[in-house]
Each structure stands twice: as structure tokens, then as C-alpha cells.
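So the chains spell out like this:
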Amino acid sequence: MKKIFFLPLLMLTVISLYGQDASGKFNIGTGIGLGTEIETIGLGITGQYFITNEIAVQGNLTIFFPNNEIDGVVDVTRRFSEINMNGVYYFDLESIVRPYALAGINIGIVGVDFEPDDLFEDQSEGEIGLNLGGGVDLLVHEELTPFAQLKYAISDYDQLVIFIGVRYNFSN
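(A) Up close: the pairing of strand S4 (residues 74-90). Relative to S4, strand S3 (residues 55-71) is paired through 15 bridges, and the arrangement is antiparallel. Paired with Phe64 across the strands is Phe80, a residue of S4. Hairpin remark: S3 followed by S4, antiparallel, with 2 residues in the connecting loop; positive phi at Gly72, about 75°. Examined bridge by bridge, S4 and strand S5 (residues 97-115) share 16 bridges and lie antiparallel to one another.

This is the structure in C-alpha cells:
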């Protein structure tokens, strides 16, 4: 499971090194998301590399806060995180509001912990799925870009994720 969390960090590092090239723009940011099926919020990091003014590659990692519930005498904690790699197409380049469409790959990781742990064994698994969605960037500042994103992850862990945040734009 540690290898799965290492993947987005490696991806963002490679993109950031490649993004310093004068041929493209790069940004990195953070935000907060809400998962509709897990019914909890999460914190995430995101990064984009622009191949052209309209086309970008986007990666992000979101870790949702655990859900705790008591089932009889057992305390059950459910954890969920996701890693996403998306292709992004931006519309309306002449406006302060830049809507975009996205499609890509989602890796959902779920874990269940039990307390007392001598009754049940903790479990963790991952599932690969498809992302479909869109969002909007607000070009209100040269270095900082607020954004909102809505995507649906199609997998065994189907859910709609609403994500808002801000990205820092690196200049070439």
C-alpha cells in the first residue's frame, strides 16, 4: 500500500521537473473535497502540466477523513483515499473563467480497521476505475488560481467527488 501512495509523489516530482521547461506551464495546489458515497471530506494535493494552452495532464491525491462507527461491541474505522491521473481540456481561453472537461484513471484505496483488533483482521484493498468530470479555474491572480472540480469515479467505489482549492502557477 505504501507503493500506491509513492506513485503520486513520484508523478508530481517528475511533472515538476519536466514542467520547468519553457515549452509548458506547471501548477501545484491543494484543496478540500467531499465524497458523496463515503460522506466525508478529504484533503488533497494536485498538480498540472500544460502540453498546450488547452490541454493539460493533471494528477492528484486526496485522503479522506476516516469514518468511525460502533457496531455492537466492535469499533469500525473506514479509511478512503484516491489517486487520479487525468487528461484535461480547457474551453474559452479569452475569459477570466476557464471551464474544463476531464477524463482519466482513478485508483481508490479503502481500508477497514477494527477495535478491539483481536476479533477481526484489518483489511485494505485498491480498485482501478475511470474518472469523468469537469471544473472551472478562476483567473483572478497571476500566481494563484482558485478552482472547483466535479468528477465521477466509475469503479467498485463509485462516487461523485466535489473538490475546491487553489493552485500556485509557476512561471516558465
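(B) How the structure looks around the environment of Phe147. Tracing the chain through its elements places Phe147 in strand S7 (residues 144-154). Distance from Phe147 to Val97, taken between C-alpha atoms, is 9.6 Å for residues 50 residues apart in sequence. Apart from the residues within four sequence positions on either side, Phe147 is in contact with Thr30, Thr46, Tyr100, Val136, Asp137, Phe163, Ile164, Gly165, Val166 and Arg167.

(C) A negative patch on the surface, seen in detail. Taken together, the side chains of Glu37, Glu39, Glu125, Asp156 and Asp158 define an acidic patch exposed on the protein surface. Its location among the elements puts Glu39 in the loop between strand S1 (26-35) and strand S2 (40-50).

(D) The pattern of salt bridges, seen in detail. Applying the stated criterion across every chain yields a total of 4 salt bridges. Taking the shortest distance from any N to any O, the salt bridge between Glu82 and Lys151 comes out at 3.0 Å. With a gap of 69 residues between them, Glu82 in strand S4 and Lys151 in strand S7 connect regions that are remote in the sequence. Take Glu82: its relative accessible area is 1%, and that puts it in the buried class. For the salt bridge of Asp137 with Arg167, the shortest nitrogen-to-oxygen distance reads 3.0 Å. Of this pair, Asp137 sits in strand S6 (residues 123-138) while Arg167 sits in strand S8 (residues 159-170), and the two are 30 residues apart along the sequence.

Rules behind the numbers
- Residues numbered from 1 in each chain as written.
- Predicted model: local features only at pLDDT ≥ 70, side-chain atom pairs only at ≥ 80, totals over all residues.
- Heavy atoms only, no water.
- Pairing = 2+ DSSP bridges.
- Helix = DSSP H or I, 4+ residues; strand = E, 2+ residues; numbered from the N terminus.
- Contact = heavy atoms within 4.5 Å.
- Patch = residues over 30% accessible without salt bridge, like charges linked within 9 Å, V, L, I, M, F, W, Y side chains within 5 Å.
- Areas by Shrake-Rupley, 256 points an atom, 1.4 Å probe, with all protein chains shown as cover.
- Salt bridge = Lys/Arg side-chain N within 4 Å of Asp/Glu carboxyl O.
- Lys, Arg positive; Asp, Glu negative; His and termini not counted.
- Charge placed at Lys NZ, Arg CZ, Asp CG, Glu CD.
- Buried < 20%, exposed > 50% of the residue type's maximum accessible area, 1.4 Å probe, protein only.

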